[in-house]
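Spelled out from the first residue to the last, the chains are:
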Amino acid sequence: PDGRAQAPVVHRVFGDSAGPGPHLLWSSDPFPGPTRKMPPSASAVDFFQLFVPDNVLKNMVVQTNMYAKKFQERFGSDGAWAEVTLAEMKAFLGYMISTSISHCESVLSIWSGGFYSNQSLALVMSQARFEKILKYFHVVAFRSSQSTHGLYKVQPFLDALQHSFDSSFRPSQTQVLHEPLIDEDPVFIATCTERELRKRKKRKFSLWVRQCSSTGFIIQIYVHLKEGGGPDGLDVLKNKPQLHSMVARSLCRNAAGKNYIIFTGPSITSLTLFEEFEKQEIYCCGLLSPRKSDCTGLPLSMLTNPATPPARGQYHIKMKGNMSLICWYNKGHFRFLTNAYSPVQQGVIIKRKSGEIPCPLAVEAFAAHLSYICRYDDKYSKYFISHKPSKTWQQVFWFAVSIAVNNAYILYKMSDAYHVTRYSRAQFGERLVRELLGLEDASPTH
């Protein structure tokens, strides 16, 4: 009657055991952030090369030259080809990264003389030379006899990138598993013709990440290749709980024993997975959907909506050991499964129009961390490389390079160098391109 939400209804058990209830956990890494202090004079390319160092680029040079040689042995010599050098490989990467700043799909527009042309960049390398490098570019020139993986042409690069992510950054305790926004540029989709849309092939893979929810740094990448034929094969796979459990296990394989709290969406959230993670000292808080989630082992009474909706902010809880199943009402029923937060700890959701809505702490934490990732996607996904190759391994490669550039910018913002120059993400990208092309001294201007 006075407008306040009623007290929550708590049932102690939905299984065969009841514990004292979970508590907020403390991370073994209390000080998240860069593991290496960069000097105030560090340039954009210095941060990028924390993830893509010269030895990785030199390997691309060797593999590209090997592929060009074999290609010409098989299909005839190419008189216009000369072996690529390290400086040219850096410039080649710079040209590709420039499409993330200009948002132009064709990197060849740099030499076109049109709206997207850039005379200062175009003078570093001729268009003909760029196209030759693009034709022969490889990370792994040949399949080894042991290689059966569909991504063998890019896997060594992904492994090196993962190692550098692990060694360069200590994540915060709270992290999110999700698919970052890597789909088509909405401006392009709105302006292109139906014929152009039909010509574009669907991606043959899905890209998942484990991301630090307080900084946005992407800690781990997992690429799942499309399997089998049939219409929209990838969309069919998206509804398979076993696929998402496999994705989650792969993304968290280096997280055991660190008391991390992992936030998950409905497709990953499941009692079986959360209990498995708890044994590895990985704790979870996930949104649950009776339609999208694997609800095995959960009480049916908590998964069905009552005939009359309760008051806003009211919630029911059932517990089994450290696991809590929360059903919270706010213009609709929202269900959460967690073993990371005590269900009796109070939180609040603040809405601009309706004011404060009471909720369990787990709900408040989930909303806060997911909203951070949404802001990250809004801010950084538009800086993904726009070049769209037809080969799947090349698509994966350029997405991975885009993530490396975004991670480099995050480390830059946490360093002393940021206080010297204060580049925006766009300015950082422009600076990186010019440094890779050798147009700028690799030290910031004052």
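Criteria and cut-off values
Residues numbered from 1 in each chain as written. Predicted model: local features only at pLDDT ≥ 70, side-chain atom pairs only at ≥ 80, totals over all residues. Heavy atoms only, no water. Helix = DSSP H or I, 4+ residues; strand = E, 2+ residues; numbered from the N terminus. Buried < 20%, exposed > 50% of the residue type's maximum accessible area, 1.4 Å probe, protein only. Contact = heavy atoms within 4.5 Å. Areas by Shrake-Rupley, 256 points an atom, 1.4 Å probe, with all protein chains shown as cover. Core = buried A, V, L, I, M, F, W, Y, C linked by side-chain atoms within 4.5 Å. Phe/Tyr/Trp six-rings, centres within 6.5 Å; stacked < 30°, edge-to-face > 60°. Pairing = 2+ DSSP bridges. Axes fitted to C-alpha atoms, helices over the stretch in contact; angles between N-to-C directions. Parallel < 35°, antiparallel > 145°, perpendicular 65-115°, else oblique. Nonpolar A, V, L, I, M, F, W, Y, C, P; charged D, E, K, R; others polar. pLDDT = per-residue confidence, 0-100. Expected span 1.5 Å × (residues − 1). Patch = residues over 30% accessible without salt bridge, like charges linked within 9 Å, V, L, I, M, F, W, Y side chains within 5 Å. Salt bridge = Lys/Arg side-chain N within 4 Å of Asp/Glu carboxyl O. Lys, Arg positive; Asp, Glu negative; His and termini not counted. Charge placed at Lys NZ, Arg CZ, Asp CG, Glu CD. Polar contact = N/O pair within 3.5 Å; in protein donor to acceptor, adjacent residues only side chain to side chain.

An unreviewed UniProt entry lists the protein under the name PiggyBac transposable element derived 5, with Prolemur simus as the source organism.

A. Fine view of the overall build of the protein. Scanning the protein from terminus to terminus reveals 15 helices and 13 strands. Burial status across the protein gives 50% buried among its 446 residues. The contacts of the protein with a sequence gap of at least 6 include a subset with a gap of at least 24, amounting to 68%. Taken as a whole, the protein presents about 21,400 Å² of accessible surface, with 54% of it coming from carbon and sulfur.

B. Quick look at the nonpolar core. Core analysis: the largest hydrophobic core is formed by 79 residues, its most contacted members being F47, F48, F51, F157 and F397. If you tally residues by element for this core, the top one is helix 13 (residues 392-413), at 15 residues. When near neighbours in sequence (up to four residues on either side) are disregarded, F397 contacts M60, L93, F137, V139, V154 and F157. If you look at the next biggest cluster of nonpolar residues, it comprises 27 residues, including I262, L273, L325 and L337.

C. Seen up close, unusual backbone geometry. Backbone geometry places N259, a non-glycine residue, at a positive phi of 60 degrees. Summarising the element assignment, N259 is placed in the loop between helix 10 (241-251) and strand 7 (261-264). Residue class for N259 comes out buried when judged on its relative accessible area of 19%. One non-glycine residue, R422, adopts positive backbone phi at about 50 degrees. Residue placement: R422 occurs in the loop between helix 14 (416-421) and helix 15 (425-436).

D. Broad picture of the packing of aromatic side chains. Counted according to the given criterion, the structure contains 33 aromatic pairs. Ring centres of F47 and Y412 lie 5.7 Å apart, and the angle between their planes is 75 degrees; on these two criteria the pair is classed as edge-to-face. Placement of F47 in helix 1 (residues 44-48) and of Y412 in helix 13 is noted, with a sequence separation of 365 residues between them. Looking at F47, the relative accessible area reads 1%, which means it is buried. Overall, the relative accessible area of 2% leaves Y412 in the buried class.

E. Highlighting the pairing of strand 6 (residues 218-225). For strand 6, the tally of buried residues reaches seven of eight residues, placing the bulk of the element in the interior. Here strand 5 (residues 205-212) runs beside strand 6; their pairing, made up of seven bridges, is antiparallel. Bridge pairing links R210 to Q220 in strand 6. Hairpin connection between strand 5 and strand 6: a loop of five residues separates the two successive antiparallel strands, and G216 in this loop has a positive phi of roughly 90 degrees.

F. Examining the packing of helix 12 (residues 361-380) against helix 13 more closely. The interhelical angle for the contact between helix 12 and helix 13, taken along N-to-C directions, is 110 degrees, at an axis separation of 12 Å. The orientation of helix 12 relative to helix 13 falls into the category roughly perpendicular. Residues Y376, K379 and Y380 of helix 12 touch helix 13, and the partners they reach there are N406, Y409, I410 and K413. Each residue belonging to the contact of helix 12 with helix 13 can be placed in one class, and the counts come to four nonpolar, one polar and two charged.

G. Quick peek at the confidence of the model for the protein. In this model, the protein carries a mean pLDDT of 85, and residues with pLDDT of at least 70 account for 83%. For the protein, per-element mean pLDDT is lowest for helix 9 (residues 233-238), which scores 46, and highest for helix 1, which scores 97. Here residues 16-23 is a poorly scored stretch, pLDDT under 50, and it has 23 contacts once near neighbours within four places are set aside; other chains count. For the stretch residues 185-190, pLDDT sits under 50, and the model shows five contacts to residues farther than four places along the chain or on other chains.

H. Spotlight on helix 15. If you check helix 15, its first and last C-alpha atoms are 16 Å apart, about what 12 residues at 1.5 Å a residue would give, namely 16 Å. Regarding helix 15, the residues found buried are R425, F428, G429, R431, L432, V433, E435 and L436. Buried residues along helix 15 sit against helix 1, helix 3 (86-102), helix 4 (119-122), helix 12 and helix 13.

I. Local environment of a positive patch on the surface. A contiguous patch of positive charge on the surface is contributed by R312, K331, K351 and K353. Residue position: K351 is located in strand 12 (residues 346-351).

J. Expanded view of the environment of W208. When you line up the elements, W208 lands in strand 5. Of the residues examined, W208 reaches a relative accessible area of 6% and is grouped as buried. It is 5.7 Å that separates the C-alpha atoms of W208 and H178, two residues lying 30 residues apart in sequence. Residues within four places of W208 in sequence aside, it is in contact with H178, E179, Q220, I221, Y222, H244, V247, L251, S267 and I268. A polar side-chain atom of W208 sits 3.4 Å from a polar atom in the side chain of S206.

K. Looking closely at the side chain of S250. Along the chain, S250 turns up in helix 10. With relative accessibility at 16%, the residue S250 sits in the buried group.

L. Geometry of the pattern of salt bridges. Within this structure, the stated rule accounts for eight salt bridges. As a salt-bridge pair, K70 and E73 come within 3.8 Å of each other at their nearest N and O atoms. Placement of the pair is K70 and E73 together in helix 2 (residues 54-75), with a separation of three residues, close to one helical turn. For E73, a relative accessible area of 52% corresponds to the exposed category.

M. Examining helix 12 more closely. The first and last C-alpha atoms of helix 12 sit 29 Å apart over 20 residues, in line with the 28 Å expected at 1.5 Å per residue. For helix 12, the complete set of buried residues consists of L361, A362, V363, A365, F366, H369, I373, Y376, D377 and Y380.

N. Main features of the side chain of S109. Here S109 lies in the loop between helix 3 and helix 4. Discounting residues that sit within four places of it in the chain, S109 has contacts with C104, Y116 and S117.

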